[in-house]
Amino acid sequence: MHWTPKNIFYSDINMPAIPQRIALLGSTGSIGSQALDVISRFPDKFNVEVLTGWNNIDLLTSQARKFQPDSVVIGNVEHYQQLKENLQGTNIKVYAGSEAIEQVVSSSTVDVVIASIVGYSGLRPTIAAIKAGKRIALANKETLVVAGEIIGRLVKESGSQIIPVDSEHSAIFQCLTGETGNPVEKITLTASGGPFLNWSAERLKNVKPGDALKHPNWDMGCKVTIDSASLMNKGLEVIEAKWLFDLTPEQISVIVHPQSVIHSFVHFADGSVKAQLGVPDMRVPILYALSYPDRLLSDLPRLNLAEYKSLTFAEPDVEKFRNLSLAYFALKKGGNMPCILNAANEIAVNAFLDEKISFLKMPDVVEYTMERSLFSPSPDLDFLEVTDREARIMASGFINKLRN
Ligand code: MN3
């Protein structure tokens with residue numbers, strides 16, 4: 001089976017002006033902070049126009065003072081007064097609430113939106129930015145996992161562009177650049193395997209959140225780090241890849257590559273395979289998403305292959321890490337199933353972090369919820385909202401049952 005890149009999500013038309021005016025959603029998170037690090041390296045190329053955070057007003061305040069955006073939005077309205085006081089004496093406009101986030105991303109003074117809110121809550125603001133025709137540097141994979149089909153339609157309608165920030169998808173995107181029209185057989189996403197790669201099932205029973213939060217290669221937020229340890233992150237990325245690059249489930253494979261040096265592969269119809277390599281540092285794909293189709297001169301860390309004795313690869317162990325199979329199942333089933341998978345997983349990860357369930361119970365929560373939720377083959381956004389809410393209730397109920 002051959003596939004030709006269709007350029008649904010990206011095109012060379014409607015390039016943002018330089019300097020790009022950037023709205024950074026989720027600036028206080030891990031990707032958000034690394035994006036600001038990248039932006040600060042190119043003051044003549046990138047301007048911060050908007051910063052948004054949810055709870056962390058101290059960090060949001062110091063980011064706002066340093067980058068002097070036009071406006072700042074705090075998602076949690078309870079912090080509004082405090083943030084306003086913190087930014088007194090500056091010209092920065094202060095807003096609060098999720099509707100304000102959706103409004104600022106549509107502003108005519110924004111060229112690019114970096115969507116780095118974690119989880120389902122990133123969906124609405126990202127959709128608002130797409131509808132406004134902005135270029136999206138997409139770090140929130142849940143947007144495509146939950147609503148990939150709808151997003152694809154909206155992108156086409158509005159002329160928006162989505163450039164992936166996720167390192168694997170950035171790698172695929174880079175391998176495909178310049179290949180428009182050339183047939184692709186499949187792609188291979190690499191997975192680090194997380195901190196428990198070679199642990200026995202017995203040992204996995206007693207994993208504590210602290211163990212799972214020590215990722216060997218990448219510096220990431222809590223949610224992504226747990227997902228990475230349970231292979232759910234890779235499962236979500238398989239679904240993300242389907243929508244970004246218009247692939248069938250059979251065209252997406254996963255290989256464990258513990259060194260995280262090769263970020264992914266594209267296999268072309270002529271037998272050639274392209275890969276993209278680099279040190280595991282999210283600032284590199286963030287910079288590419290902002291500078292695409294150009295490459296800017298940076299002093300980010302360089303890859304020195306001689307430091308690696310070997311690069312190794314292995315099939316993922318889907319019996320020990322069942323989340324990956326569950327994600328493939330959700331992808332093949334389609335409709336609202338990936339939304340159910342994602343909602344149940346967010347609840348399961350929180351329960352694990354709160355030490356309410358063990359590491360190996362997380363896939364049980366996801367599977368239970370997928371089996372019992374109301375399935376719809378072609379949900380609209382409102383139905384997805386209901387699906388998300390009900391799946392969370394069901395997953396939480398199951399967790400309570402497990403504990404009694
Ligand atoms: Mn990734």
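This is a predicted model, so every value here is computed, not measured.

### Regarding the overall build of the protein
And step 1. The helix and strand inventory of the protein stands at 16 helices and 11 strands.
And step 2. Oriented by its inertia axes, the alpha-carbon framework of the protein measures out at about 60 × 55 × 45 Å.
And step 3. The burial tally for the protein puts 55% of its 404 residues in the buried class.
And step 4. Summed over its atoms, the accessible surface of the protein is roughly 17,100 Å², and 50% of this surface lies on carbon and sulfur atoms.
And step 5. Computing the positive centroid from 39 side-chain charges and the negative centroid from 45, the protein places the two 2 Å apart.

### Description of the side chain of aspartate 227
And step 1. Secondary-structure assignment places aspartate 227 in helix α10 (residues 222-230).
And step 2. Within the local environment of aspartate 227, its side chain forms a polar contact with the side chain of asparagine 345, the two groups lying 3.0 Å apart.
And step 3. Setting aside chain neighbours within four positions, we find aspartate 227 in contact with Met232, Asn233, Leu236, Asn345 and Val349.

### Some points on the packing of α10 against helix α11 (residues 232-245)
And step 1. Following both chains from N to C, one finds α10 and α11 inclined at 95°, their axes separated by 5 Å at the closest point. Here α10 lies roughly perpendicular to α11, going by the angle between them. For the pair formed by α10 and α11, the contact residues are Lys223, Val224, Asp227, Ser228 and Ser230 on the first element and Met232, Asn233 and Leu236 on the second.
And step 2. For the contact of α10 with α11, the class distribution of residues is three nonpolar, three polar and two charged.

### Some words on the coordination of the manganese ion
And step 1. Taken together, the protein ligands of the manganese ion are Asp166 (OD), Glu168 (OE) and Glu237 (OE), with distances of 2.0 to 2.2 Å.
And step 2. In the primary sequence, the donor residues of the manganese ion line up as D-x1-E-x68-E. Taken together, the positions of aspartate 166 in the loop between β7 (161-164) and α7 (167-176) and glutamate 237 in helix α11 put the pair 71 residues apart, joining distant regions of the chain. In this pair, the class of aspartate 166 matches that of glutamate 237, namely buried.

### As for the sheet that holds strand β4 (residues 93-96)
And step 1. In spatial order, the strands read β4-β3-β2-β1-β5-β6-β7; together these seven strands make up an open sheet with parallel pairing. The two strands at the open ends of the sheet, each matched to only one other strand, are β4 and β7. Going across the sheet, the axis of each strand differs from the next one's by a mean of 20°, ignoring polarity.
And step 2. As paired strands, strand β3 (residues 71-74) and β4 are joined by four bridges and run parallel to one another. Within β4, the position partnered with valine 72 by the bridge is valine 94.
And step 3. Packed on one face of the sheet, helix α2 (residues 57-67) meets β2 (46-53) and β3 and runs near 165° to β2.

### Notes on the packing of helix α13 (residues 323-333) against helix α14 (residues 337-353)
Packed helices, taken two at a time, are described by their axes: the angle between them and the distance between them.
And step 1. Across the interface, α13 lies against α14 with an axial gap of 7 Å and an inter-helix angle of 150°. When the axis of α13 is compared with that of α14, the two are roughly antiparallel. On the side of α13, the interface is formed by Leu326, Ala327, Phe329, Ala330 and Lys333, while α14 contributes Met337, Pro338 and Leu341.
And step 2. Residues of the contact of α13 with α14, tallied by class, amount to seven nonpolar, no polar and one charged.

### A closer look at the pairing of β7
Where a strand is regular, its side chains alternate between the two sheet faces.
And step 1. Where burial is concerned, the two faces of β7 agree: the one with Gln161 and Ile163 and the one with Ile162 and Pro164 are both buried.
And step 2. One crossover worth recording links strand β6 (residues 135-138) to the parallel β7 by way of helix α6 (residues 141-158), and it is right-handed.

### Overview of the sheet that holds strand β10 (residues 262-268)
And step 1. The strand order across the open sheet formed by four strands is β9-β8-β10-β11, and the pairing between neighbours is mixed. Every interior strand has two partners, whereas the edge strands, β9 (252-256) and β11 (273-277), have only one. Direction aside, neighbouring strands of the sheet carry axes that sit 20° apart on average.
And step 2. Relative to β9, strand β8 (residues 184-191) is paired through five bridges, and the arrangement is parallel. For threonine 188, the partnering residue across the bridge sits in β9 and is serine 253.

### Structural notes on the packing of aromatic side chains
And step 1. One pass over the full model with this rule turns up nine aromatic pairs.
And step 2. With a centroid separation of 6.2 Å and 70° between ring planes, the pair formed by phenylalanine 173 and tyrosine 288 is classed as edge-to-face. Of this pair, phenylalanine 173 sits in helix α7 while tyrosine 288 sits in helix α12 (residues 283-291), placing them 115 residues apart in sequence.
And step 3. Residue classification places phenylalanine 173 among the buried residues on the basis of a relative accessible area of 1%.
And step 4. Plain terms: the ring middles of phenylalanine 352 and phenylalanine 359 are 5.6 Å apart, the flat faces sit at 70° to each other, and that makes the pair edge-to-face.
And step 5. Assessed through its relative accessible area of 1%, phenylalanine 352 is described here as buried.
And step 6. Aromatic rings pair up to connect Phe196, Trp199, Phe352 and Phe359 into one cluster.
And step 7. Between the NZ or CZ atom of arginine 203 and the centre of the ring of tryptophan 199, over which it lies, the distance is 3.6 Å.
And step 8. We note lysine 333 situated over the ring of phenylalanine 375; from NZ or CZ to the ring centre the distance is 4.6 Å.

What counts and how
- Residues numbered from 1 in each chain as written.
- Predicted model: local features only at pLDDT ≥ 70, side-chain atom pairs only at ≥ 80, totals over all residues.
- Heavy atoms only, no water.
- Helix = DSSP H or I, 4+ residues; strand = E, 2+ residues; numbered from the N terminus.
- Buried < 20%, exposed > 50% of the residue type's maximum accessible area, 1.4 Å probe, protein only.
- Areas by Shrake-Rupley, 256 points an atom, 1.4 Å probe, with all protein chains shown as cover.
- Lys, Arg positive; Asp, Glu negative; His and termini not counted.
- Charge placed at Lys NZ, Arg CZ, Asp CG, Glu CD.
- Polar contact = N/O pair within 3.5 Å; in protein donor to acceptor, adjacent residues only side chain to side chain.
- Contact = heavy atoms within 4.5 Å.
- Axes fitted to C-alpha atoms, helices over the stretch in contact; angles between N-to-C directions.
- Parallel < 35°, antiparallel > 145°, perpendicular 65-115°, else oblique.
- Nonpolar A, V, L, I, M, F, W, Y, C, P; charged D, E, K, R; others polar.
- Donors = N, O, S within 2.8 Å, 3.2 Å for Na, K, Ca; no water.
- Pairing = 2+ DSSP bridges.
- Right-handed = clockwise from strand over helix to strand, strands pointing away.
- Phe/Tyr/Trp six-rings, centres within 6.5 Å; stacked < 30°, edge-to-face > 60°.
- Lys NZ or Arg CZ within 6 Å of the ring centre and 35° of its normal.

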